[in-house]
Amino acid sequence: MADLMQNPISDQAAQTAGTKGHPKRVRIVPESLKKFRDITSQAEAGGPPEKVEAQKKRGKLTARERIGYLVDEGTFQEFGLLVESRCTDFGIKEKHIKGDGIVTGFGRVNGRPVAIFSQDFTQLGGSLGLAQAKKIANLMDMALESRMPVIGILDSGGARIQEGVDSLDGYGEIFYRNTKSSGIIPQISVIVGPCAGGAVYSPALTDFVFMVKGISHMFVTGPEVVKAATGEEVDFDTLGGSMTHASKSGVCHFVANSEPDCFRQLKELLSFLPQSRYEAPPEHSTKDPADRKIPLLEDLCGMDPRKSYRVHHIIWWLSDDHAFLEVHHDFAKNIVVGFMRLGGQVVGVIANNPAHMAGALDINASDKAARFIRFLNNYNIPILTLVDVPGYWPGVAQEHGGIIRHGAKLLYAYSEATVPKVTLVLRKAYGGAYIAMSSKFLRGDLNFSLPSAEIAVMGPRGAVEILFSRQIKEAKEEDKEALRAKLAKEYSDKFASPYQTASTGSLDEVIEPATARARLIGAFRFLSGKRRPGEHERTGNIPL
Ligand code: HXC
């Protein structure tokens, strides 16, 4: 009892060391505190030094350095540092490290809270056992309750083999939470190492996937299994590197040249997003005048309708301060999707891109746009649709690949979306693709067009072949081309303009190109009260 009553600073600790006879206390660190500091610093060091060195040699950051690049300085609060696996099989006990191969906690990005987990490849290859899964699940539960985005930084060999079905069940817990949180809080995956086996399905369930050139790999079965099963020889990068997933599979939305570049891009993405479905996206002030004129749109009106251009230029000119964050840059380039601001308000843009496949819709473009629209609708982000589409891409491969099924997703996503929807027809809008691109009767709120718009069931050349096939067949061979041109001109004069469509009310307004930015900003401001955050039906963001 006497001991307990003593001053925690021992008598020996109080020594006279000051000047002018004033005693200065020298603190002796209590044993418990020393032990605590030793344990935590060991745990924070991650895996053995040689593993950390190997990580660096590969040009990779450590789990904690990654968090450092992401969060505002000094804001990260970790929890679960001392968690360990209880598994003792296959000699794993000797390899146990506190934290169980993952760092979990909360931090702030540009002042706003986010939940973060970061796998540590230097500890058991970042593999996921039960304890690691519980840390992730716990974090995800708290993020959902507190309504903030979850950022998962993945660098792992997948399910921890020594823990058997426990590690598989751990993934089950995570996939379930990914799905339950979908459409409520943004979920973002950053792949900065291997992501193999069933582990790939957690990122695939999240809203956005980042990969880094040279160090990120995702695959269900690796090159060796592929060779054994199918005889195909393929290297890691070709099978599941960043460019493969960014351009071919569409699994990856953002590719970075380095890890710091990756975290910079991620921060930019977060600046466009609300914390949850219950908030509007953050507004930014801008000095960019709402009535800034866009000469390019005037040029478009005089352009040969068959000439291609990159729609990025139009988006760039329309957006505040020319800032546009493109999503899925390398996938389905015939449609462009991304985030911009108009008059300070965040807007998601969907635009046909005539520079690629003439801007026609195909399977991948439909999937890409439909999923993005569903994301925007979940998070109260208004939709701007820029239309220049000659139709659906024809061909056996598209038909057999299910363009009917995939194209329907786009119709579904636009019809379902209840955020403000503003459409601007730039040039062509033909057939089913006209309907799909947020047309009036798919419930576009305000539908504008430039005077250069051509809106019809099909293009002039195709139309005259069907409507006048007998006349063309009966004409002399040398007259056929002139006849086609004459008939196509007549057709164009009637349909290849926006006026017939405007007369039926399918367009709200044909606008002067110079006023486009002002009209769009005005339209979104006018529609901003259409829906209050969180009042809409939750749809989730199912991978399409
Ligand atoms: C346990 C693992 C592990 C795993 C790696 N390690 N993956 N430990 N379970 N899944 C350990 C290694 O034994 C090694 O431990 C350390 O991590 C580093 O691994 P290396 O192989 O030395 O590194 P490297 O050469 O860079 O190769 C990395 C790798 C390779 C490509 C990821 O380790 C690999 O192929 N791992 C298996 C990948 C895989 O098939 N995963 C799928 C599992 S099944 P020491 O002690 O030597 O440092 C799955 C299904 C999930 O995930 C289903 C969910 C529904």
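Right, let's walk through the structure included here. (Residues numbered from 1 in each chain as written. Predicted model: local features only at pLDDT ≥ 70, side-chain atom pairs only at ≥ 80, totals over all residues. Heavy atoms only, no water.)

## A look at unusual backbone geometry
Using the following cut-off: Each helix is a run of H or I in the DSSP string that is no shorter than four residues. Each strand is a run of E no shorter than two, and both are numbered from the N terminus. Exposure classes here rest on a 1.4 Å probe applied to the protein chains alone. A residue is buried below 20% of its type maximum, exposed above 50%, and partly exposed in between.
Positive phi, normally seen in glycine, also occurs at His322, with a value near 55°. Structurally, His322 can be placed in the loop between α13 (311-318) and β11 (324-327). Of the residues examined, His322 reaches a relative accessible area of 26% and is grouped as partly exposed. Located in the positive-phi region is Ser438, a residue other than glycine, with phi close to 55°.

## A look at the state of the cysteines
Keep this limit in mind: Our working definition of a disulfide is a cysteine sulfur pair at a distance within 2.5 Å.
One pass over the structure, following the stated rule, counts 0 disulfides. Of all cysteine sulfurs, the one in Cys252 lies closest to Cys262, which takes part in no disulfide; the gap is 8.8 Å.

## A closer look at the site of the ligand
As a reminder of what qualifies: A molecule or strand has a residue near it when one of that residue's heavy atoms lies within 4 Å. N or O atoms closer than or at 3.5 Å make up a polar contact, with two conditions inside protein: a donor-capable atom paired with an acceptor-capable one, and, for residues adjacent in sequence, both atoms drawn from side chains. Using a 1.4 Å probe, the Shrake-Rupley method yields the accessible areas, and only the shown protein chains count as cover for residues.
In the region of the ligand, 20 residues are neighbours, and Lys51, Arg58, Lys95, Gly157 and Ala159 sit closest. Between the ligand and Arg58, the relevant distance is 2.6 Å, taken from an oxygen atom to a side-chain nitrogen or oxygen of the residue. Gly157 has a polar backbone atom sitting 2.7 Å from a nitrogen atom of the ligand. With the chains in place, 60% of the 1000 Å² that the ligand exposes on its own is no longer accessible.

## Structural notes on the layout of surface pockets
Convention followed: Definitions used throughout: a 1 Å grid over protein atoms alone; a cavity as a set of points that fits a 1.4 Å probe which cannot get out; a pocket as an open set with protein on both sides within 12 Å along at least five of seven lines; a lining residue as one with an atom within 4 Å of a point. Grid points are joined across faces, edges and corners, and a volume is the space filled by probe spheres set on the points. Classes in brief: Ala, Val, Leu, Ile, Met, Phe, Trp, Tyr, Cys and Pro nonpolar; Asp, Glu, Lys and Arg charged; the others, Gly included, polar.
In this structure, the largest pocket spans a volume of roughly 540 Å³. Lining the largest pocket are 23 residues; nearest its centre among them are Pro305, Arg306, Glu454, Pro460 and Arg461. It is helix α20 (residues 480-495) that contributes the most residues to the lining of the largest pocket, 5 residues altogether. Classifying every residue of the lining of the largest pocket by side-chain character gives 10 nonpolar, 4 polar and 9 charged. Counted as a void, the second largest pocket has a volume near 440 Å³. Residue lining of the second largest pocket: 28 residues in total, with Gly250, Val251, Arg371, Pro543 and Leu544 positioned closest to the centre. Counting residues per element, the ones that place at least two in the lining of the second largest pocket are α7 (201-205), β8 (208-212), β9 (217-219), α10 (242-249) and α14 (363-378). If you tally residues by element for the lining of the second largest pocket, the top one is α14, at 5 residues. Here the lining of the second largest pocket is built from residues that sort into 17 nonpolar, 7 polar and 4 charged.

## What to know about the packing of helix α4 (residues 63-70) against helix α11 (residues 259-272)
Worth spelling out the cut-off: To define axes, lines are fitted to C-alpha atoms, for helices over the stretch in contact only, and angles between the resulting N-to-C directions are given on a 0 to 180 degree scale. An angle counts as roughly parallel when it lies under 35 degrees, as roughly antiparallel when it exceeds 145, as roughly perpendicular when it falls between 65 and 115, and as oblique in every other case. By the definition used in this description, the sense in which the near helix is turned from the far one sets the handedness, with an anticlockwise turn below a right angle giving left-handed and a clockwise turn giving right-handed. The contact criterion used throughout is that any non-hydrogen atoms of two residues lie within 4.5 Å.
In the contact formed by α4 and α11, the axes pass within 9 Å of each other and the chain directions differ by 40°. Relative to α11, the element α4 lies oblique. For the pair α4 and α11, the crossing hand works out as right-handed. Listed contacts from α11 to Arg66, Tyr69 and Leu70 of α4 are Glu259, Pro260, Phe263, Leu266 and Lys267. The residue makeup of the contact of α4 with α11, split by class, is 5 nonpolar, no polar and 3 charged.

## Things to note about the side chain of Asp362
For clarity, the cut-off: Neither His nor the chain ends is counted toward charge; the positive residues are Lys and Arg and the negative residues Asp and Glu. A pairing counts as a salt bridge when a side-chain nitrogen of Lys or Arg comes within 4 Å of a carboxyl oxygen of Asp or Glu.
Looking at the secondary structure, you find Asp362 in the loop between β13 (345-352) and α14. Of the side chains with opposite charge, Lys368 comes closest to the buried, unpaired Asp362, at an N-O distance of 9.0 Å. Here the side chain of Asp362 touches Asn334 through a polar contact of 3.1 Å, side chain to side chain. Ignoring anything within four residues of it in the chain, the contact list for Asp362 reads Asn334, Met357, Trp393, Gln398 and Ile403.

## Focus on the packing of helix α5 (residues 130-146) against helix α6 (residues 165-181)
Axis separation between α5 and α6 bottoms out at 8 Å; the angle between their running directions is 15°. Accordingly, the angle class assigned to the pair α5 and α6 is roughly parallel. By crossing handedness, the relation of α5 to α6 is classed as left-handed. Facing α5, whose interface residues are Leu130, Ala133, Ile136, Ala137, Met140, Asp141 and Leu144, α6 presents Asp166, Gly170, Ile174, Arg177, Asn178 and Ser181. Residues of the contact of α5 with α6, tallied by class, amount to 7 nonpolar, 3 polar and 3 charged.

## Quick word on the side chain of Lys60
If you trace the backbone, Lys60 turns up in the loop between α3 (49-57) and α4. Lys60 has contacts with Gln55, Arg66, Phe121, Asp155, Val192, Gly193, Pro194, Ile215 and Glu259, leaving out every residue within four places of it along the chain.

## Some details on the pairing of strand β15 (residues 421-430)
Put simply, the rule is: In this scheme, strands are said to pair when DSSP sees at least two bridges between them.
Among the 10 residues of β15, 10 are classified as buried, and the element is accordingly described as predominantly covered. In this structure, strand β14 (residues 383-389) lies alongside β15, joined through 6 bridges in parallel fashion. By the bridge assignment, Thr385 is partnered in β15 with Thr423. Here β15 runs beside strand β16 (residues 446-449); their pairing, made up of 4 bridges, is parallel. Following the sheet pairing, Thr423 is matched in β16 by Asn447.

## Section: the pattern of salt bridges
Per the counting criterion, the structure on display carries 33 salt bridges. The closest approach of N and O atoms between Arg427 and Asp388, which form a salt bridge, is 2.9 Å. Of the two residues, Arg427 sits in strand β15 while Asp388 sits in strand β14, which places them 39 residues apart along the sequence. What makes Arg427 buried here is its relative accessible area of 3%. Across the pair Glu481 and Arg461 runs a salt bridge whose closest N-O atoms are separated by 2.9 Å. Taken together, the positions of Glu481 in helix α20 and Arg461 in helix α18 (residues 460-467) put the pair 20 residues apart, joining distant regions of the chain. Residue classification places Glu481 among the partly exposed positions, given a relative accessible area of 43%. Because the salt bridges share partners, they merge into one network encompassing Lys60, Arg66, Asp155 and Glu259.

## Some words on α20
Note the following rule: Helix span, expected: 1.5 Å multiplied by one less than the number of residues in the helix. This arc is taken over the directions from the axis of the helix to the C-beta atoms.
The terminal C-alpha atoms of α20, which comprises 16 residues, lie 22 Å apart, in line with the 22 Å expected from a rise of 1.5 Å per residue. For α20, the complete set of buried residues consists of Lys480, Leu487, Ala488 and Tyr491. Considered in projection along α20, the buried side chains sweep an arc of 105° and stay on one side of the axis. Across α20 from its buried face, at more than 90 degrees, point the exposed residues Ala482 and Asp493. Considering only its buried residues, α20 is in contact with β17 (454-456), α18 and α19 (469-474).

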